[in-house]
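# Commentary on secondary and tertiary structure
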Amino acid sequence: MKQKETGAENRRRFLMKLSLGLGGVAAAAAGIPVLGALFSPLFGKAEQTWRTVGSLHDFAIGSTNLVTYDNPDPKPWAGVTVHSAAWLRRDDEKNFIAFSVNCTHLGCPVRWEQSAELFMCPCHGGVYYKDGTVAAGPPPKRMVQYAVRVRRGQVQIHTEPLPITHITA
Ligand code: FES
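Just so we're clear, the structure is a prediction, and the values are computed from it rather than from any experiment.

Looking now at the overall build of the protein. For the protein, the count of helices and strands is one helix and eleven strands. For the protein, the sequential pattern of α-helices and β-strands runs α-β-β-β-β-β-β-β-β-β-β-β. For the protein, with 169 residues in total, the buried portion stands at 33%. Taking contacts inside the protein between residues at least 6 apart in sequence as the whole, the part at least 24 apart equals 51%. Carbon and sulfur atoms make up 60% of the accessible area of the protein, which totals about 10700 Å².

A separate point is the environment of R142. Turning to its location among the elements, R142 is positioned in the loop between β8 (134-136) and β9 (145-146). On a C-alpha basis, the gap between R142 and D131 in space is 8.7 Å, while along the polypeptide they are eleven residues apart. In this structure the side chain of R142 is engaged in a polar contact, spanning 2.7 Å, whose partner is the backbone oxygen of D131. At 3.3 Å, the side chain of R142 and the side chain of Q145 are in polar contact.

The next point concerns the pattern of salt bridges. Inspection of every chain in the model, using the stated rule, returns four salt bridges. D91 is the partner of R89 in a salt bridge, and the nearest nitrogen-oxygen pair spans 3.2 Å. Classification of R89 by relative accessible area gives buried; the value is 7%. With its nearest N and O atoms 3.4 Å apart, the salt bridge here joins E93 to R90. Looking at E93, the relative accessible area reads 54%, which means it is exposed. By relative accessible area, R90 is classed as buried at 6%.

About the criteria used
Residues numbered from 1 in each chain as written. Predicted model: local features only at pLDDT ≥ 70, side-chain atom pairs only at ≥ 80, totals over all residues. Heavy atoms only, no water. Helix = DSSP H or I, 4+ residues; strand = E, 2+ residues; numbered from the N terminus. Buried < 20%, exposed > 50% of the residue type's maximum accessible area, 1.4 Å probe, protein only. Contact = heavy atoms within 4.5 Å. Areas by Shrake-Rupley, 256 points an atom, 1.4 Å probe, with all protein chains shown as cover. Polar contact = N/O pair within 3.5 Å; in protein donor to acceptor, adjacent residues only side chain to side chain. Salt bridge = Lys/Arg side-chain N within 4 Å of Asp/Glu carboxyl O.

If you want it as structure tokens, here you go:
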């Protein structure tokens, strides 16, 4: 025979259902962006996009600069990864070279060390020469390079709309 539940048992049962429901909502909120990022490459190759990263006059010849840009077509789950960056060096009056900021080992952002003229990865000690080739450490391939062009005095780099660099080099 079923006994009548007390007020405390009713409250406990209600709170347990409420916490399970809220836990499910939180898990969905956290999981949807992750699943979206994992499965988005399955929905076709990302289209590449030219992005303006500054005026021609912003970059001195011989300098290597960190440039930032936002994804113009962000996925709803992108969050802060909608902001991305690249290393841009001006070799001479007309020629630039640009690299993804992400290490080709596990994707950590690399730093440019001007005095050594090397890109250094803080995560596992990966090192790249200034042309993007691997100098030392675990990176399996050279840095991902982006095409660069100048249009109406603006420097543009050719990158993918996804917030995560595709390692294709
Ligand atoms: Fe750069 Fe591992 S992520 S060396």
